[in-house]
Structures are given as C-alpha cells and as structure tokens.
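Residue-level structural notes
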Amino acid sequence: CESCLFPISAAAVHQQRKGSEEAIVYLEILLEKEPDHIIARWLLNIAHMTLGHPQDAIAEQFRLPPSALASDGSFPRFTNVATSALVDEISLAGSVIADDFDNDRLLDLVVSNWNSNGQLRFFHNKGDGTFEDRTEAAGLMGFFSGLNLVQADYDNDGDLDVLVLRGGWELPTIGKDYMPNSLLQNDGQGHFTEVLYQAGLGDHHCATQTATWLDYDLDGDLDLYIGNENSACQLFQNDGTGHFVDVAGQAGVQNGGMAKGVASGDYDGDGDTDLYVSNMTGNNRLFRNNGTGTFTNVAEELGATGPQRGFPTWFWDFNNDGVLDIFAASYAGGVEDIAASYFFPDRPPTVDLDQLLLGDGEGGFREVGVQYGLTQPTLVMGANYGDLDNDGYLDFYLGTGIWDYHGLMPNLMFHNREGKGFSDVTTSGGFGHLQKGHGIAFFDYDHDGDEDVFVELGGAYLGDVFQNALFENPGFSNHWIKIQLSGTQSNRYGIGARIRIDLATESGSRSIYRWVGNGSSFGANSLRQDIGLGKAQNIARLEVYWPVSKTTQVFEDVPSGCLIQISEGNPDFETIPLPKITKKTSSE
C-alpha cells in the first residue's frame, strides 16, 4: 500500500485522519517540553506526511532535511501488486519461501505468521499473474505459527520439502517445553505431510528461527544446522534415508550464544561447507569445516566476530571475484538511532553497523561495510538478496523494525554498483515500507526475466498486523538466464554447487559467480538460479562445480533468455520450456 511508503506522497494520504491528527497534538506538546526528543521529531514528520501536509507545516527546527527524503541516485520505481496478485494476506511477523513446490515450473509462495493461531499459507502460482490460496489442498490446515521457513529436498526424491521454525524470541523458562518445529514432506504435487518425529528431528524442542541445509560431510544428502536461542545449536546428520541424528557436540558447533541467523558456504574454497552463526548476544562464530566431521571456530582470528547484536546473515559473492563474502546484519540501537541518521546524516553513528566481510581469496576477510556504503544503522530483521537490474551483481533488501508500536522506519533497498559499492535506492525505487519487515524473497513470479520482491510484513503484537507486499519489477532491458541444477551424486537440487558464467562484452570479458542456496537466513529465494547477464546476449562459457563428485562441467555458447537444466555428469544441458504468463486485466 502506497500510504506506507516513506516518504509518503500526496497521492497516498491517509483517508482515516483522526489517529495522525491526534498524534500531532501530543507530539507537539512533548516537543514543547523536550525539543530534542528525536523520536517525537521523527514521528511528527511521519504523521504530517500521512495527512498530506507540506514540510512547512512543521516547525523548522523539527523538520526532516530534504536529503532525508531522497535516494543516493535514480532508480526505476517498483509497484506493490500484492492485492491484485492475491497475496496481500494480513498477518504478524513471519517469513516466506518462493519456489516451485508442485513441479509445474511456476514459483509458488509459502508464507508463515508467528501468531499462535497464524495459519501457514500455500499460494499456488496460477500462471496469470495471480496466486491461489491452496492451503487446504496442500494439507496445511492446522499448521500454525512459525517465524521462519526454509526449503530443501531433504529426502532426495525430486521435490521440495519445508522446515518450519518456531519459538524465536521466547524467553527461557525453567522446565518450559518450546513449540516443536515442523518438517513438511512434499509428495511432489504440492501436498505436505508432517514427518518431524519420523525424521528424528523432534526429540528436543528449542526456541529457534534460523536454519540452513548443507551437505557438510559430502555424502550426497542434505544435513541440517539449526541455530537455537536458549540452548545449544543442533547439527543433524542425514543418514541417507531422510533420518537425522544430532552430532553438534562431537562436531564442535553447539555455539553457546543466542543464534538469530545461520548460513553455510565454502568460504575458504577447500571443497567442504563451513558455517557462520550470527548471535544476538556475544561474538558471531565462523566454523571452518575440518573435513573430518568436526569444525573449528576461526571467527576471532579472521576478524569475523561482529557485530555484537547480530541478526540475519548470508554468504555471497557481491563483487564477482569468485570468493565468498559475508553479510552480517546488526540489530543494535533503537528508533532514536534510525531517526538520528535521517536528521543528522553526517553525524557518526553510536551503535554497531551492518558488516560486509570481503573475502580475500586466501581464507581471510576484511570488513568493508562503511567503505562500500553501509554507513547508517538499520535495525534489520528479515533480509535477502537478488539481482534487480539483471546486471550480474547482487543487490539486497532489508526488512527493518523493532517490537514497539512506535518502531516505524523504512525498509531499505541497496543497489550494487558493479561490486564497487552500494547505493541506497529505497526512495526512488518505492521500497521504503514503514511497516515492520520480516522474511524476504527475490523471485521472478511472472516469468518476464527479472526478479520481483516479496516481503512479509507485520509486527509482534496483535495490534501490529499488516498486509504483505509484492513489488513488481518494471524491467531493465538486460539479458538473463535461469539455471536449475539436478544432482546425481550430489543432493538433488545442487545446494552448495558453484556456478561460473564467463561473458564477452564490449568492455572486455567478465565473470559472474553464484553458489546454489536460498539466500538469506530470514526469507528464502528459489533454489532455481536467476542470473542477470547485463547486455551480453550469450554466455561464452558456463561452469558448474559439484563438491561431492569434485567434478566441473563446462558448456560453451549457452543462449540467454531461457531456463536450462544441468544434470550432474551429463555433458549436455537441457532447455526447459518456461510457462508463459499472461496477466489478467483489471476487468477480468
């Protein structure tokens, strides 16, 4: 809804005016007594925006500076089409997975709501620009709550299953039994069955909202690492039959902190998958896989322990140098820090910022967040990344907020400037939703070749519900390719495999790198890889490295603008027809 996009435009003035009008009265009374109350200043500006008042309606000393209402540069505006697409469910905090759960090559949505009676939803992509709520047909009625979701084909049967994570933010209580997670097994047609206990994942319930699927022992099946908040983290080893045993203790990855985000990736390029844990309390941890079934925490020696109040995180290669980097979000500060960053943008922040750890290619990192444009506090909760403009470089979107009702702050979109830095394009792109942002997914729901963005919105309390948003990409006229991997010795969807694309362009050759996974620790992209190619119409060379078989497949002169499937060990790729989506008109 446009009425919640910061800065609120004159065309999006609130029709129900009483709340804002009364808020202005009391905020002005407060500011008469405490003129330096920066939260009151911030909320006063937002309240006036909702009523369509000009800036000069606000006393000059309390006005936001014009720079606070602008982006770093121009960017095409995205449109929130959640209502017309029929996915504008009203909910509290929760998460989202965007992927193909019924094997029709259309990307569906699974959306959670952490309310104790918040129904898990399955939205089937109808192929006409809209989604159909097939929750009941999917067998999901009665599955409630869940702050986060993550998908994988844990049983290697060719379809995607869903892990529902519950209990996040629950305070520890002696003798308390936390809500169990759910492992929902897919029958291949988008119908799910609870198998948590049969799979060995239900012996001990913990408060959690984060997990990552990985093949840490390189045996061809997916294992599961769950980051817990009030107890030891769990590493569940898959025995090859879809049954799991917790080996975290002997592997050395129990963590001991309040884990709010976990991610997996081969940061040192030695062929096995490592783990990163973002902790709300204490140091973050980087567990290097020793290749022996054990891990060693090397975060301190590699300078990867911050920020001190960590939340979402991920591995990625943001500058396309072939080396994994780490994004580690900070949840430090409050509304006063966000407000200060708008009123006084040149004033140094007083809280930890998000960190961007640049991999050096030798197994080390250098923190470059401020250097690359991450200069202000963000209070990130949900987040994810994707390539909005199909230039081959990964952008990212941050869902922001705090528990309190007055925790109004825009969600933030950062555009990657060819690996040299990030620009805040929140305002120009229309992404600055003021409602509390949680799980985020980048996905091409309408098969026009560019990635759209879904964000699950809503707060923690019953009075803080809101509609979810789906931002449709206006298009950038760049080329693209979609790649679906199919493992034979490796796990079926190729999680952990590395893709390299070499392009010949007018300015010379360049490479694009992707590691197969679902993106961030809070929100899940499709495992099908959408890769922008910029102006290149063809791919000179495409490589896929499979860690289990330790093989590299090479393909040359690969066309763009299509979906291809690459099967491990097959010398040829297969072009898969993409269902054509013809959107309904408003009259239909």
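Residues numbered from 1 in each chain as written. Predicted model: local features only at pLDDT ≥ 70, side-chain atom pairs only at ≥ 80, totals over all residues. Heavy atoms only, no water.

Our next topic: the overall build of the chain. When its secondary structure is counted, the chain shows 6 helices and 38 strands. If one aligns the C-alpha atoms of the chain with their principal axes, the spans along those axes are about 70 × 60 × 50 Å. For the chain, the proportion of its 588 residues judged to be buried stands at 62%. Roughly 21800 Å² of accessible area belongs to the chain as shown, and the carbon and sulfur atoms make up 48% of that amount. Mean positive and mean negative side-chain charge positions of the chain (34 and 83 charges, respectively) differ by 5 Å. (Helix = DSSP H or I, 4+ residues; strand = E, 2+ residues; numbered from the N terminus. Buried < 20%, exposed > 50% of the residue type's maximum accessible area, 1.4 Å probe, protein only. Areas by Shrake-Rupley, 256 points an atom, 1.4 Å probe, with all protein chains shown as cover. Lys, Arg positive; Asp, Glu negative; His and termini not counted. Charge placed at Lys NZ, Arg CZ, Asp CG, Glu CD.)

Running from N to C, helix 2 (residues 38–50) and helix 5 (residues 335–343) point in directions that differ by 65 degrees, and their axes come no closer than 9 Å. The orientation of helix 2 relative to helix 5 falls into the category roughly perpendicular. Seen from above, helix 2 lies across helix 5 with left-handed handedness. Of helix 5, the residues touching helix 2 (which contributes Ile38, Ile39, Arg41, Trp42 and Asn45) are Val335, Glu336, Ala339, Ala340, Tyr342 and Phe343. Residue classes in the contact of helix 2 with helix 5 are distributed as 8 nonpolar, 1 polar and 2 charged. (Axes fitted to C-alpha atoms, helices over the stretch in contact; angles between N-to-C directions. Parallel < 35°, antiparallel > 145°, perpendicular 65-115°, else oblique. Left-handed = near helix turned anticlockwise from the far one by under 90°. Contact = heavy atoms within 4.5 Å. Nonpolar A, V, L, I, M, F, W, Y, C, P; charged D, E, K, R; others polar.)

Our next topic: the packing of helix 1 (residues 18–33) against helix 2. Running from N to C, helix 1 and helix 2 point in directions that differ by 150 degrees, and their axes come no closer than 9 Å. If you check the angle between helix 1 and helix 2, you find them roughly antiparallel. Considering the relative orientation of helix 1 and helix 2, their crossing is left-handed. In this structure, helix 1 uses Ser20, Ile24, Leu27, Glu28, Leu30 and Leu31 to contact helix 2, whose residues at the interface are Ala40, Arg41, Leu43, Leu44, Ala47, His48 and Thr50. Here the contact of helix 1 with helix 2 is built from residues that sort into 8 nonpolar, 3 polar and 2 charged.

For the rest of this paragraph, the subject is empty space enclosed by the protein. The final tally for this structure, using the stated rule, is 3 cavities of 30 Å³ or more. For the largest cavity, the calculated volume is near 130 Å³. Considering the residues around the largest cavity, the lining is formed by 15 residues, among which Trp169, Met381, Trp403, His438 and Ala460 are closest to the centre. Lining the second largest cavity we find 14 residues, and of these Asn181, Leu201, His204, Ile226 and Gln234 sit closest to its centre. Counting only elements with at least two residues in the lining of the second largest cavity, the list comes to strand 12 (223–228) and strand 13 (234–238). (1 Å grid on protein atoms, 1.4 Å probe; cavity = no way out; pocket = protein on both sides within 12 Å on 5 of 7 lines; lining within 4 Å. Points joined across faces, edges and corners; volume = space filled by probe spheres on them.)

Moving on: the domain arrangement of the chain. Assigned domains of the chain: these are domain 1 (79–472) and domain 2 (479–576). Summarising the inter-unit geometry, the C-alpha centres of domain 1 and domain 2 are found 22 Å apart. Taken together, the 62 residues of domain 1 in the interface contact 35 residues of domain 2. With both chains or domains summed, domain 1 and domain 2 bury close to 3500 Å², and 51% of this area falls on carbon and sulfur atoms. When the area that domain 1 buries against domain 2 is broken down by residue, the three leading residues are Leu218, Asn320 and Asn390, summing to 13%. Put simply, domain 1 and domain 2 have 1 salt bridge between them. One can count 28 residue pairs in polar contact (both at pLDDT 80 or more) joining domain 1 with domain 2. Listing elements by their share of the side of domain 1 that touches domain 2, those giving two or more residues are strand 3 (96–99), strand 7 (148–152), strand 11 (208–214), strand 15 (259–265), strand 19 (310–316), strand 23 (380–386) and strand 27 (437–443). Tallied by class, residues from the side of domain 1 that touches domain 2 come to 26 nonpolar, 23 polar and 13 charged. (Domains from an automatic or database assignment. Buried area = accessible area lost by both parts, 1.4 Å probe. Salt bridge = Lys/Arg side-chain N within 4 Å of Asp/Glu carboxyl O. Polar contact = N/O pair within 3.5 Å; in protein donor to acceptor, adjacent residues only side chain to side chain.)

Tracing the backbone through its elements, the reader meets valine 150 in strand 7. Using a relative accessible area of 5% as the deciding quantity, one classes valine 150 as buried. Linking valine 150 and aspartate 161, residues 11 residues apart in sequence, is a C-alpha distance of 8.6 Å. In contact with valine 150, other than residues within four places in its own chain, are Ile97, Asp161, Val162, Leu163, Ala211, Trp213 and Asn518.

All right, on to the sheet that holds strand 3 then. Read across the sheet, 4 strands follow the order 3-4-5-6 without closing on themselves; strand pairing throughout is antiparallel. Only two strands of the sheet have a single partner each, and these edge strands are strand 3 and strand 6 (131–133). Taken pair by pair, the neighbouring strands of this sheet meet at an average axis angle of 20 degrees, ignoring direction. Across 4 bridges, strand 3 lies against strand 4 (residues 108–111) in antiparallel orientation. Paired with alanine 98 across the strands is leucine 109, a residue of strand 4. (Pairing = 2+ DSSP bridges.)

Before going further, it helps to spend a moment on the nonpolar core. With 60 residues, the main nonpolar core has Trp42, Trp316 and Phe396 as its most contacted residues. With 9 residues, helix 2 is the largest single contributor of residues to this core. When sequence neighbours within four positions are dropped, the list of residues in contact with phenylalanine 396 reads Trp314, Trp316, Phe327, Leu374, Asn384, Tyr385, Leu412, Met413, Phe414, Phe422 and Phe442. (Core = buried A, V, L, I, M, F, W, Y, C linked by side-chain atoms within 4.5 Å.)

Further remarks concern the side chain of histidine 205. Take histidine 205: it is sitting in the loop between strand 10 (192–194) and strand 11. Histidine 205 gets classed as buried once you look at its relative accessible area, which sits at 16%. Looking at histidine 205, its side chain comes within polar contact range of the side chain of tyrosine 197, at 3.3 Å.

Before going further, it helps to spend a moment on the pattern of salt bridges. Opposite charge on two side chains allows them to pair when their charged atoms are near. The full count for this structure, using the stated rule, is 15 salt bridges. For arginine 17, the salt bridge identified is with glutamate 21, shortest N-O distance 3.4 Å. The exposure class of arginine 17 is partly exposed, given its relative accessible area of 30%. In this structure, aspartate 36 engages arginine 41 in a salt bridge whose closest nitrogen and oxygen atoms are separated by 3.6 Å. Through salt bridges with shared partners, a single network forms among Glu89, Arg121 and Asp133.

What follows covers unusual backbone geometry. As a rule of thumb, non-glycine residues mostly have phi less than zero, and peptide bonds are mostly trans rather than cis. Omega for the peptide link from phenylalanine 6 to proline 7 comes to -10 degrees, which places this bond in the cis form. The amide bond that connects glycine 306 to the next residue, proline 307, takes the cis arrangement and shows omega of -5 degrees. By secondary structure assignment, the location of proline 307 is in the loop between helix 4 (299–302) and strand 19. Even without glycine at this site, leucine 218 takes up a positive phi of about 55 degrees. Mapping leucine 218 onto the fold places it in the loop between strand 11 and strand 12. By relative accessible area, leucine 218 is classed as partly exposed at 24%.

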